[in-house]
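Here's the letter readout for the chains.
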Amino acid sequence: MENSLLNRAMALLAFAVLVGFVGILVGYVTRFDLALMVALTVGLAGWDMWHVAMGNKEDKH
């Protein structure tokens, strides 16, 4: 139980750090194509976090 909660907390922290980093990047380098790629990256990372880290799907690596 604790391990699952710790995994969720660490996944949320890592996602927040990723969003913060690329948010600063997009804020300083204002280009449409970069913003599009950042949105795609954050979307894929969010989907992966939701499905794997939140326990909806097992990580089979």
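Procedures and definitions
Residues numbered from 1 in each chain as written. Predicted model: local features only at pLDDT ≥ 70, side-chain atom pairs only at ≥ 80, totals over all residues. Heavy atoms only, no water. Helix = DSSP H or I, 4+ residues; strand = E, 2+ residues; numbered from the N terminus. Buried < 20%, exposed > 50% of the residue type's maximum accessible area, 1.4 Å probe, protein only. Areas by Shrake-Rupley, 256 points an atom, 1.4 Å probe, with all protein chains shown as cover.

### Side note on the overall build of the protein chain
Right, so step 1: Of regular secondary structure, the protein chain possesses two helices and zero strands.
Right, so step 2: The buried share of the protein chain, reckoned over its 61 residues, is 10%.
Right, so step 3: On the protein chain, roughly 5,100 Å² of surface is accessible, and the fraction owed to carbon and sulfur atoms is 70%.

### Thoughts on the environment of G46
Right, so step 1: The topology assignment puts G46 in helix α2 (residues 32–53).
Right, so step 2: The class for G46 is buried, based on a relative accessible area of 19%.
Right, so step 3: With 31 residues separating them in the primary sequence, G46 and F15 have C-alpha atoms 7.3 Å apart.

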